[in-house]
Each structure stands twice: as structure tokens, then as C-alpha cells.
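Residue-level listing of the chains:
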Amino acid sequence: MKKPIMISAFCIALAAALLFWGFRWSGSIPPQEEKTYGLTIQSDTGSYVMQLRKGMQQAADELGVRLEVYTQSEARQADGLAGAVLWLEQPSAEAERLKSLGIPVSIVGQTLPGFACVLGDAESAGKQLALYALSQADKAHIVLLTDDVDEGAAARSRAALAVAKAENVAILGYLPDMGLPENCDLVVTVSQRATLDMIQRKRNQTFKGMVLGVDTGESRSYDLEEGVIDAMALDSPYAIGYLALYQAYGLANGDSVSNDYAKVLLATRENMYLSENVKQVFPLLH
Amino acid sequence: MNQGTPMRKRGYSLHNVILIAFLACMGILLLFVLFTLVPRVNQLLEQNAVERTRETVLQSTSTLDVYVNSMISVMNFVSQPLTRGDAASEDTLRLERLNLMQQSRTDIVTLAFFNGDGSLRYGTGGKLRTEPEEIRKRQWFQNALSWQGTSISFSRPHVQELFSDQRSYVITLARGLEYEENGERTLGVLLMDVNYSTLSDMMNGISLGSSGYVYLLDEQDRLLVHPRLDLINQGLAEESIAAVHEKIVGVTRDRQNGRDRILMISTVGQTRWRLVGVAYADELLALQDAFIRILTVVFSCAGLLSLAAATLMAFWVTRPITHLEHKMQKVQTGDLNVTITEKGFREIRSVSAAFNHMLAQIRSLMDKVVEEQETKRLHELNALQAQINPHFLYNTLDSIVWMEERGRSREAITMVLALAKLFRISISKGRRFITVEEELEHVRNYLIIQKMRFKEKFTYEITRQPEALCEHTVKLIIQPLVENCINHAIDEASGEELHIVIDVSVTEAELIFTVTDDGIGISEERLPSILTTSVGESGIGLKNVNERIQLTYGPQYGLSIQSVEDEGTTITVRIPRGWEESK
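Model, not experiment: these values are computed from the prediction. (Residues numbered from 1 in each chain as written. Chains lettered and ligands numbered in written order. Predicted model: local features only at pLDDT ≥ 70, side-chain atom pairs only at ≥ 80, totals over all residues. Heavy atoms only, no water.)

Quick word on the overall build of chain A
Within chain A, the regular secondary structure consists of ten helices and twelve strands. Relative to its full complement of 286 residues, chain A shows a buried share of 50%. Taking as baseline every contact in chain A between residues at least 6 positions apart, the subset at least 24 positions apart corresponds to 64%. (Helix = DSSP H or I, 4+ residues; strand = E, 2+ residues; numbered from the N terminus. Buried < 20%, exposed > 50% of the residue type's maximum accessible area, 1.4 Å probe, protein only. Contact = heavy atoms within 4.5 Å.)

Structure (C-alpha cells):
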């Protein structure tokens, strides 16, 4: 006698529970707490950091996270970060500090053992410079100035060397105020100091050939327009920032990540005004 | 009643049939709703979502159209003075007009007018840093000249570097203008640089759902504006335009990065640009998903509630039937004192009432049978008792002694023999039924004894049909009738001799015994109660005989008495033929 009543009561209770839980499940998803990622910078001025921040903000918008920008001193006060990106001259101390706090770290602009990094593709840049040089002048009149003043220059040197050696191009290690062969019509430089040196020589008219080099800084577009440099390998801080935040996000989620390399543009007077290159050649413009 | 184990249950349970039938009906109804309502609602939701998105895209296109038209209007406005009058004399005024227009609008970067040879006539950009030959090579210049003012050339986004003090990221509008100089009509080019950020901000502010967006393609299907244009240029993102490439305007679909997309394409007037709205199907149809989830929950609840309702209904409907079944099973085991409570549905009440009535009738019938059996037993017991009734025995034995004392031994012996035969047939080894011949022998011996006692008081004769002799009858039915005649028919007052005739005849179906006398008869008043009169001397009354006959053969048989006072009485006994002991 009681069995049917018990079965019915059970079914009604189950239906009520299902209705309660079901409408919660079918309703809107409760908002998740927004995680915060920090960018610690060495300087908050300049087009590089501006584009770096823009790229990171784009990534933050896509990932649904918040981006906060700190100076080094501010970063020590930061709390509750899900991940961090460091763009510092000497990032190791800060990186270790954050690592000790369990905050995943991504390094921008240089490599640091034990940490994931995002860099411009220096080897690609070196190779592009070398190949462009070969397309512009007789290889007999090309000089490659190698330099290992920094990690990027060293990488560019290695890549350019590989091409230069295969083509029997003259290779010289850069030294300030060094002399150049008389028949030199085109100089390939792989470090900023060498590039600026050659630009100065062109301005001084102590060198009248073509100069291919790396990013000269905020005057890059003018240098190209003036013709004191004929081709410039430019990093994309926007892409670097974008990749860096994704890298930090992956680390925070437990993914295994490796170093990322952003595409490098070889800007010339022919392509410097194109819309696809404007962000790198005229970073303050767009 | 067959007492024993309850009837074995066979067939389907009514409870389960009702339960299954109810669930089946609910299931069919739910499935009907599911297959008719859900696809239609889904379709309507999808149509609604797509339509709303399409409207957003069209609205965006309209906004862009308005903007482009406003730019064209500006160009028309600034070009009008040039086409009227002598060009050179009013250049200053025209430049002022250009400056006024450029300063009044933040989206206009530069306004300039070039001669047909590429030299700058006047403009708001300052000093020109590009040689006229270089300007003549520019695509916008060539387009403007070749189209001769019939159409406006819209460039791709680029950095404008024509002027020394200016680097802007712009879209260049250029239009050929015919003007008069020194009396001759010639063609120049009006240039207007519009800030790219105005257009990109306008486009990138439009969202379709949480992930959807719009982008702009030029006439060669190259991206002009896209929310991820920088990433696409860096090779970090991609935008598939294959589906858009195949369709000029309208709605199409594709799939990118594992997500289905709905693409709505419209054209921007005057420019040959196309605006593409990208909406993600999973976002557009989120409401559909929510509807499906809600429907799943509701249908599941409906199923559970149906099960609950079906269980309760089956229980409610079958409970009185089950109650009825249990009671019937008790009856089947022999308990006839069961009473079923008349409750529940009308039909169940009716069945319960009928069953109670049937049980009452059975009980009554059984009581009646028991009573009849008891009566029969009593009558037989009485009849048996009558066989050894002491009065008749005393009187007969007295008669024998008297005869013997008087030396009438032969008569004594005759009486003794008759008595012995009488008692022998009475007992009949315990049989209830004897042959008619035996019954007649019984009454004959009785009459011998009574004749010897009552001598001249009566005479008798016995007649019968020969075929009746071998028939069977319940014993001791004629002798009581004869005894009744002797006891009541003799007219003591007149002293006339009573004549008794005993006859046995048969019909096709019956045996008929008649005992007729010519005695004093029975008054009409007394006749009805004869069959209830108490026992006679022999101990067996007419009532006993009649009741025994009816108990044995049925109420349609028994005694009937016809009598006329002072003339005589006939008692007729009718019993069926062919009735034997086994029955």
C-alpha cells in the first residue's frame, strides 16, 4: 500500500530538485573572477613600451584577464597576480622574486635561463639582412660587421654569418671607429651601436654606400626617409607583448611553454608606408 | 466451495497496465511536443538571432555609408569653388576654405589640390616633400586623373608622407577636377586624407555577440579595417575570407578555428568596399542552447511527475479492485463471512454490492441446505424411532400374549411373524429406499396385525400395477397413511366397517400411491392442517411422510388429500420413477 505513495513522493522530490538545479544550470553562467597579470617595465616612455602594452592589452582582452603595468618599485607592492611579464634590463632578480612567490613569469626582449622568454626573431633578422644585401649589391662589395654586444646582435650575427660565408661575403667584427674596405658599397650591421655608427658616417659622408642595420629607435622612420639607412630590421613590440601575455597565461594554467619569437620586419623605403608595416615603422602613429 | 490455495494469478496486472498506459500517453504527448515544438522554436530562435545580427550589420553599413557620403560631401563642397571661375585668382580663398574645413573636422588630416602635372597648387599639409614626378606615380593620382571626376578613388590605409611636417596614417580620397586656367580647361586632383583611426574606431566599436565583429574589405578583398588587423599583419592571427570571396552580398557561413560562423556581407556605397559582419553561431544560438537545456529540465521533470501521477492514479484506481480481489480470495479459501466494504468507483461499488449479495445468498442457501439436511435427518430419525415405537409394540405383544393365553397359538404365530416382517422391512438394513413390493409387504404385515387387533372394524385390499413393484420408493410412506385411516376414519358411532383400498400405479414419470377409505372423512376446516398433525400411534405422521417425500424428491412431489365428510378420504402420494438409493 505504501510503496506507490513512496515512489510518487520520491519522483516529485526528484522533479523538484531537478527543476531547482536545472534552471540554475540552464541560466547564465556566473561571472568568474577576473585574473590580473602584471607588466613590469624599465621605462614607461617610448614607442616600444607603448606597443608592448598595446599588444599585451589585446591579448588580455582576448583572454578575459586584467593587465596592470608597474615600474619595478610598484611591482613589489603588487598582490594577487596570476602571472607577470618583465621587460627589464636586468630581470633576473625580479624574476626570481616572483618565482619564489609562485607567480609564473615571462621575460621580454632577452633570454633568462629557467624562464620562458619572448623575443624578436633575431636569427630571421640576420638572415633577411644578409639576403637583402646580396640582392642590392655585388657580394664582393658587401661587408658584414658582426657584433656580439648583446644577445640579439649575437643571434643576428650568427644568422648573417651563415649566409655571408656561403656567399663569400667579407666579414668583419665590429669595432667603434673601425675602418672599412675601400671597395665597400654596402655594410650590413647587426647591432644598434654599429648601425648608429654607420648612420653617422653617412651623415658625415665618410661613408657613401648602403647601410643595412637594426632598429635605430624613435628616429627609425626619419632615418629611412632620409636615406641614411637603406633597410632596417625591426622588431614588433606589439607582437612581442601579445605573445608574452599568452605565454604567461599558459604558464599560469600549467601548460608547458617554450620561448616565442615574434616576426621581424625588414623595412625599406619601398615598404615603410604600407599599412601592414605602419605599426613597426611608425609605432606612434597607430 | 473449493477450499484450498488461492487462485494462481495469471495475465497482466491492471495496476501495471494503467501505469504503462498512462506513461505511454504522457510519453507520446511529450514526444509530440518535442518533435513539433522544439524544431520550430529552434528555427525561430535562429532566424531571430540571425536577423538581429543582420540588422546590426546593415545599421553599421548605413553608418559607414553616411560617413563616406559626408566625406564626399566635403570634397564636393571644397571642389565647387575650384570649378567656378578663374582658378588662379581665387586660390587664396580656396586655401582658406580648405583650412577651415580641415580644422573644423578632426578626421580630415589634409586637403590639397594638385595640378595635372603633380605639382601642389595649394593644400593644408604644409610644404610638399615629394617631387611632382613621384606624385604622378601614386595610384590615387593616376586613378583620379583617369576617372576624370566621375568617381572618387579610395586608397588603402597608408602613411601619408607627401608633406614635410606630416606623417599620418590615413585613407586618401582623390578626385579628378576640371578647372579653368588661362582660359583653358584642365584636369587636376583634389586630395583629402582622412584619419584611418576614425574609420577603425567606428568599425571596431561594433560587436556581434561577445566574440563577433565586423571588418572592411576593399575592392580587391584585402583587409582595410579589422579588429585584429595588427595581429594578422604580424602573422599571429588569420581571417578566412574564402566564403566572402565567393559571395558579393548576403549571408553565408564558414568555419574557422573549430567554430561555425555566420557572415553577413553588405556593400558600402561609392567605395566598392564590403563590410562583413562575423557572428559566431554558438553565441547567436546561445539562447537556443539555453532553451534546449530548459526544455531538457522541464521534460525530465514532466517525466518524473508523470511517473508519480501514473503511480498514484494506478494505485487509486486499482486499490478497491485489489481489496475486492483479496476478499474474494478469502471467500475462495472457505470464509463465507467476508463482507466487502462498498467504496470506490461506482462500478466497484456495484460489483462489491453484488458480491456481498451473492455471498449472502450463498450463506442463506447453505443454511437452508443444512437445515433441510437436518430436517431430513430428524425425519429419518423419527421414522427410525417409529420402527421401534413402544406403544405399537406393546399393544401387538399384548395381543400376542392374549392370543396365546386364549390358546389361539396360530393367530399368535401369525401376528409374531407379521410383526417380525414389519420390523425387518422397517429397518431394511438401514436402506432409505426399498422396492414398492417391499413397501406393500410392509403395509400388508401392518394390516395383518391391525386386522387381528381390530377384527371387524375394517377391511382392506391392495391393488397395484405389476410394473410398479420393482420401482423404488423411500420407505415407510404407505403404512403411516393406512395407520391414519385406521386411527381417524373408523366411525365408532355408526359401527360401520371401514374399507381401505391401497393402490399403486405408475405413469410414465411417476409412481402414485393412493390410500382410499370410506370413512368419516375430514372436515374442510381440518383438512389444511392434516399435513401438520402430530404423529400417530405408530409414531409417523402424515406431516412426516410428506416432508420426507419432499426432502427426498423435491417440493413438487408429496401428499395430496381429498376428503368429503362422511364419505371418505383419499390420500395420494406421488413420487418420481427411477429414483434409487444413489440419488
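Anyway, onward from the coordinates.
Re the interface of chain A and chain B
Contact residues are listed per partner, giving 33 residues for chain A and 33 residues for chain B. Of the roughly 3,100 Å² buried where chain A meets chain B, counting both sides, 70% is carbon and sulfur surface. Summed over the shared surface of chain A and chain B, the result is eleven residue pairs in polar contact (both at pLDDT 80 or more). For the side of chain A that touches chain B, the secondary structure elements donating two or more residues are α1 (2-26), α2 (47-63), α9 (237-252) and α10 (278-281) of chain A. The dominant element in the side of chain A that touches chain B, judged by the number of residues it contributes, is α1 of chain A, at 14 residues. Looking at the side of chain A that touches chain B residue by residue, the class counts come to 20 nonpolar, eight polar and five charged. (Buried area = accessible area lost by both parts, 1.4 Å probe. Polar contact = N/O pair within 3.5 Å; in protein donor to acceptor, adjacent residues only side chain to side chain. Nonpolar A, V, L, I, M, F, W, Y, C, P; charged D, E, K, R; others polar.)

Considerations on unusual backbone geometry
Positive phi, close to 65°, is recorded for Gln205 of chain A, a residue that is not glycine. The topology assignment puts Gln205 of chain A in the loop between α7 (192-204) and β9 (210-214). Phi is positive for Gln148 of chain B, close to 50°, though the residue is something other than glycine. Within the element layout of this structure, Gln148 of chain B appears in the loop between α4 (139-147) and β3 (153-154).

What to know about the sheet that holds strand β17 (residues 510-517) of chain B
All names here are of chain B. Taking strand neighbours across the sheet as the criterion, the five strands line up as β14-β16-β17-β19-β18 in an open arrangement whose pairing is mixed. Either end of the sheet is taken by a strand with one partner, and the two such strands are β14 (458-464) and β18 (558-564). The mean angle between the axes of side-by-side strands here comes to 10°, regardless of whether they run parallel or antiparallel. Examined bridge by bridge, β14 and strand β16 (residues 498-506) share seven bridges and lie parallel to one another. (Pairing = 2+ DSSP bridges. Axes fitted to C-alpha atoms, helices over the stretch in contact; angles between N-to-C directions.)

A short note on helix α4 (residues 92-100) of chain A
Residues and elements named next belong to chain A. The set of residues buried in α4 consists of Glu94, Ala95, Arg97 and Leu98. One face of α4 carries all of its buried residues, which in axial projection span an arc of 160°. Seen from the buried face of α4, the exposed residues on the opposite side, beyond 90 degrees, are Ala93 and Ser100. (Arc of directions from axis to C-beta.)

Honestly, that's just the spatial picture; any functional story needs more than this.
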